[in-house]
Amino acid sequence: MTTKADVDAKKESLVEQLGDWLQERPAGQRWAILLAVTLVALLLDVGTYQQQLSMAALYLVPVTIACWTLSTRQAVLFTVAVAIVAGLRYPMFNPDPEFWTGLNNNVGRLISFGVNAAVVMGLKRSHDRVAYLATHDPLTGVYNRKAFEDELKLRLSSKIGARRPLLLAYIDLDGFKGVNDEHGHAAGDQVLTAFAASANSFMSEGQIAGRLGGDEFAIAIAVADHGEAIRTAQDLHVRLTAALSLTGYPVGCSVGALFIDISDDRSAEQLIIAGDNLMYAAKNAGKGKVQLSMVPHTSRFSAVSAEPSIGSVGR
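If you're wondering where the values come from, they're calculated on a predicted model, not measured in any experiment. (Residues numbered from 1 in each chain as written. Predicted model: local features only at pLDDT ≥ 70, side-chain atom pairs only at ≥ 80, totals over all residues. Heavy atoms only, no water.)

Draft legend 1. View of the confidence of the model for the chain. For the chain, the average pLDDT comes to 82, and 81% of its residues sit at 70 or higher. Within the chain, the element-level pLDDT minimum falls on strand S6 (residues 311-314), averaging 42, and the maximum on strand S1 (residues 166-174), averaging 96. Contacts from residues 298-315, a stretch scored under 50 in pLDDT, to residues over four places away or in other chains number 43 contacts. (pLDDT = per-residue confidence, 0-100. Helix = DSSP H or I, 4+ residues; strand = E, 2+ residues; numbered from the N terminus. Contact = heavy atoms within 4.5 Å.)

This is the structure we're talking about:
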């Protein structure tokens, strides 16, 4: 049985889908849609005008679309432009019988457009904030575990273009618990934010970083082949270790680095588990190391076991 909550949720979903679709359009298409909707509103307003009936509310449609899809500055300028168009149409086509009546109507329209724009932009900021918090770790700004897994699934599919080999680095901070115990959680948060900032600086377009929980992170980077994967894993470990040393606390990191060939058919969850196992192998080897698994996956390997490693790289 469909409840009212289900119906409301579906309506919200459709509205959000429409908003997302508009935002995904190229800038030229968005502006064409806005101008077309504004022109339709103007034609209906002029064509149906009566002293007792105004269709000025139709202009709220393009104003709402603009405030949801454009930047704040562009939305404000568009709202002002629409208000001017709506105001000029009266003296040009259907002048009000009295000056003060016309002025009052124009001021009222300007205020209503402004209030509508402010409300919609406020809702958009709230919507974006909720959407951000649903996918990002609030402390470090990287993806949370669920969002990281979802993004990794996209890169394992062909939905965003041809699939490429990936390096999946599963990272754990060595000595982090001691920082929390001896210096407090504020110091621990400082270490985490410094680490995440360094991880983000290593990223290029299309590559992802996520906090999987506590002091465990994962990074997925597109690579060309095994050789680039090895070099990238080593470079990543050096950079992250250097960033952690700058915090002033005795913290390092252990990395499980997993090469994912385009023929690898494991799920995102299975790959993360394999990376986790490699990371623990690095810790067992003495911490502060990179445990590499560059052997392309075949069905004989277990999805929950660390695969054969071709070696480890110390700090």
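Draft legend 2. The arrangement of helix H2 (residues 27-47) in detail. An ideal rise of 1.5 Å per residue puts 30 Å on 21 residues; H2 measures up with 30 Å between its terminal C-alpha atoms. Of all the residues in H2, the buried ones are Arg-30, Leu-34, Thr-38, Ala-41 and Asp-45. Down the axis of H2, the buried side of the element spans an arc of 60°, and every buried residue falls inside it. Exposed residues on H2 whose side chains face more than 90 degrees from its buried face are Gly-28, Leu-35, Leu-43 and Gly-47. (Expected span 1.5 Å × (residues − 1). Buried < 20%, exposed > 50% of the residue type's maximum accessible area, 1.4 Å probe, protein only. Arc of directions from axis to C-beta.)

Draft legend 3. Seen up close, the packing of helix H8 (residues 185-202) against helix H9 (residues 226-245). Put simply, H8 and H9 touch, their axes get as near as 9 Å, and they point 145° apart. The handedness of the crossing between H8 and H9 comes out as right-handed. Along its contact with H8, which presents Val-191, Phe-195, Ser-198, Ala-199 and Phe-202, the element H9 presents Thr-232, Asp-235, Leu-236, Arg-239, Leu-240, Ala-243 and Leu-244. The class makeup of the residues in the contact of H8 with H9 is 8 nonpolar, 2 polar and 2 charged. (Axes fitted to C-alpha atoms, helices over the stretch in contact; angles between N-to-C directions. Left-handed = near helix turned anticlockwise from the far one by under 90°. Nonpolar A, V, L, I, M, F, W, Y, C, P; charged D, E, K, R; others polar.)

Draft legend 4. Quick peek at the pattern of salt bridges. For the structure shown, the criterion picks out 11 salt bridges. Close ionic contact of Glu-151 with Arg-155 constitutes a salt bridge, the shortest N to O distance being 2.9 Å. With Glu-151 and Arg-155 both in helix H6 (residues 145-156) and 4 residues apart, the pair spans about one turn of that helix. Overall, Glu-151 belongs to the buried group, its relative accessible area being 19%. Looking at Arg-155, the relative accessible area reads 14%, which means it is buried. Its salt-bridge partner being Asp-174, residue Lys-283 comes within 2.4 Å of it at the nearest N-O pair. Of this pair, Lys-283 sits in helix H10 (residues 268-284) while Asp-174 sits in strand S1, and the two are 109 residues apart along the sequence. Grouping residues by exposure puts Lys-283 and Asp-174 together as buried. (Salt bridge = Lys/Arg side-chain N within 4 Å of Asp/Glu carboxyl O.)

Draft legend 5. Representation of the packing of aromatic side chains. Applying the stated criterion to the full structure yields 3 aromatic pairs. With 6.2 Å between their ring centres and 65° between their planes, Tyr-59 and Phe-113 make a pair best called edge-to-face. Placement of Tyr-59 in the loop between H2 and helix H3 (60-69) and of Phe-113 in helix H5 (residues 99-135) is noted, with a sequence separation of 54 residues between them. Judged by centre distance (4.7 Å) and plane angle (45°), the rings of Phe-195 and Phe-217 are tilted. One end of the pair, Phe-195, is in helix H8; the other, Phe-217, is in strand S3 (residues 216-222), and 22 residues separate them in sequence. (Phe/Tyr/Trp six-rings, centres within 6.5 Å; stacked < 30°, edge-to-face > 60°.)

Draft legend 6. Here's a closer look at the nonpolar core. Counting 33 residues, the largest nonpolar core has Ile-171, Leu-173, Val-191 and Ile-219 as the members making the most contacts within it. Elements with a contribution of two residues or more to this core: S1, helix H7 (176-183), H8, S3, H9, strand S4 (252-260) and strand S5 (289-293). Tallying contributions element by element places H8 first for this core, with 7 residues. Once residues lying within four places of it in the same chain are set aside, the contact partners of Val-191 are Leu-173, Phe-176, Val-179, Leu-244, Thr-247, Tyr-249 and Val-251. (Core = buried A, V, L, I, M, F, W, Y, C linked by side-chain atoms within 4.5 Å.)

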